[in-house]
Amino acid sequence: MFGIPALIEYTELRPNLNLCRELGMDFLELNMNLPYSFPENISSPEIRGAMREGLRFSMHLYDELDLGSLQPSVREGHMRRCREALRWGSRHGVFLLNLHMSPGVYFTLPDGKEWVYERYLEEHIGALNASLSELSALAEPLGMKICLENTGHFALPFMRRAAEAVLDLPSVGLCWDIGHDARSGQREEAFMLAHLDRVWHMHFHDWDGRSDHQLPFTGRLDCDRYMRIALENAMSVLIEVKTEGAIRAAVRTMRERGYLPALRSEQ
């Protein structure tokens, strides 16, 4: 399955759905950082109409969620939003929730950084495991997946340990963002390859040495290699460029390379 992200240049869901239809995409990744992607702001008839046409949805949860927070009341607020997203998603064609893992805060010492979650790692892992165990139990009977996205933080050993502690939960896997990985010097690739059976989702974009979210096949990454990995492991693939023009260009290139089927109108 191939999809595109909800775009900040739009102010409502409809143009995103129309772009998906026009380009023949399988899914749209809703983004809960954008108010028009909040479940309470989405028109159920509109999204169910898209579902009847065969369109599905992934959902990128709010970036600042911290399911491993050491503060119970903070963690509960974030969990409440996740429960809302899961229950809403189960009725609106959402097959996957994607979220960042927070590294928490650090103290700057004279000789470097000390991360609070690294100092209190067992407590952090306990909190994260409790949160994701509950969400996994909700997601599994609904046929939904929860993916933890690498954002450069999996380069930190304590973050890798925290992720490994929850990857045996039935509905919890990984999202491999290859552009973020490149930005971190590809220090996360070995972790992803070691857990490839749990990598269910890929954010696909290039890196030009300065910024990620570049058009695939225009930068420094061997995008053909990553696409082969995604296809061989049946990952859903988000073409994660961030403007309508870039999406059109990326989809056109991927069709030319044979990764996307021709549109019916082109056959």
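Structure first, text after, so check above.
The present account deals with the structure reproduced in this document. Small disclaimer: the values here were computed from a predicted structure and weren't measured. (Residues numbered from 1 in each chain as written. Predicted model: local features only at pLDDT ≥ 70, side-chain atom pairs only at ≥ 80, totals over all residues. Heavy atoms only, no water.)

Okay, the side chain of Asn98 next. Here Asn98 shows up in strand β4 (residues 94-100). Exposure remark for Asn98: the relative accessible area of 0% places this residue in the buried category. In terms of polar contacts, Asn98 uses its side chain to reach the side chain of Glu149, at 2.8 Å. Ignoring any residue separated from it by four or fewer positions in sequence, one finds Asn98 in contact with Glu29, Met59, His60, Leu61, Cys147, Glu149, Cys175, His201 and His203. (Helix = DSSP H or I, 4+ residues; strand = E, 2+ residues; numbered from the N terminus. Buried < 20%, exposed > 50% of the residue type's maximum accessible area, 1.4 Å probe, protein only. Polar contact = N/O pair within 3.5 Å; in protein donor to acceptor, adjacent residues only side chain to side chain. Contact = heavy atoms within 4.5 Å.)

This part takes up empty space enclosed by the protein. Considering all chains together, one arrives at two cavities of 30 Å³ or more under this definition. In this structure, the largest cavity spans a volume of roughly 70 Å³. Around the largest cavity, the lining residues are Leu65, Asp66, Leu67, Gly68, Leu99, His100, Met101, Ser102, His124, Leu128, Leu132 and Leu148. Looking at which element gives the most residues to the lining of the largest cavity, the answer is helix α5 (residues 121-139), with three residues. In the lining of the largest cavity, the residues fall into seven nonpolar, four polar and one charged. Its boundaries defined by the atoms lining it, the second largest cavity holds a volume of some 30 Å³. Forming the walls of the second largest cavity are Pro5, Ala6, Glu29, Asn31, His60, Leu238, Glu240 and Lys242. Here the lining of the second largest cavity is composed, by residue class, of three nonpolar, two polar and three charged. (1 Å grid on protein atoms, 1.4 Å probe; cavity = no way out; pocket = protein on both sides within 12 Å on 5 of 7 lines; lining within 4 Å. Points joined across faces, edges and corners; volume = space filled by probe spheres on them. Nonpolar A, V, L, I, M, F, W, Y, C, P; charged D, E, K, R; others polar.)

This brings us to unusual backbone geometry. We note that Gln186 has phi near 55°; this positive angle belongs to a residue other than glycine. Structurally, Gln186 is set in the loop between α7 (178-183) and α8 (189-194). Its identity as a non-glycine residue notwithstanding, Ala234 has a phi of 55°, on the positive side. Looking at where Ala234 falls in the secondary structure, it is placed in the loop between α9 (223-232) and β10 (236-239). When its relative accessible area of 69% is taken as the criterion, Ala234 is described as exposed.

So, about the pattern of salt bridges. Taken as a whole and assessed by the stated rule, the structure comprises 16 salt bridges. One salt bridge connects Glu46 with Arg14, and the closest N-O pair in it is separated by 2.6 Å. Of this pair, Glu46 sits in helix α2 (residues 44-52) while Arg14 sits in helix α1 (residues 14-23), and the two are 32 residues apart along the sequence. Judged by relative accessible area, which is 46%, Arg14 ranks as partly exposed. (Salt bridge = Lys/Arg side-chain N within 4 Å of Asp/Glu carboxyl O.)

Here we come to the environment of Gly68. In this fold, Gly68 is placed in the loop between β3 (56-60) and α3 (72-91). We classify Gly68 as buried; its relative accessible area is 1%. When the C-alpha atoms of Gly68 and Ser102 are compared, they prove to be 7.7 Å apart, with 34 residues separating the residues in sequence. Once residues within four sequence positions are removed from consideration, Gly68 is found in contact with Tyr117, His124, Ala127 and Leu128.

Next up on the list: the nonpolar core. Judged by nonpolar contacts, the single largest core of 83 residues is most densely connected at Leu132 and Phe204. Looking at this core, the element that brings in the most residues is α5, giving six residues. Ignoring any residue separated from it by four or fewer positions in sequence, one finds Leu132 in contact with Leu67, Ile146, Leu148, Val166, Leu169 and Val172. Within the second largest apolar cluster, seven residues are counted, among which are Phe27, Phe95, Cys175 and Trp200. (Core = buried A, V, L, I, M, F, W, Y, C linked by side-chain atoms within 4.5 Å.)

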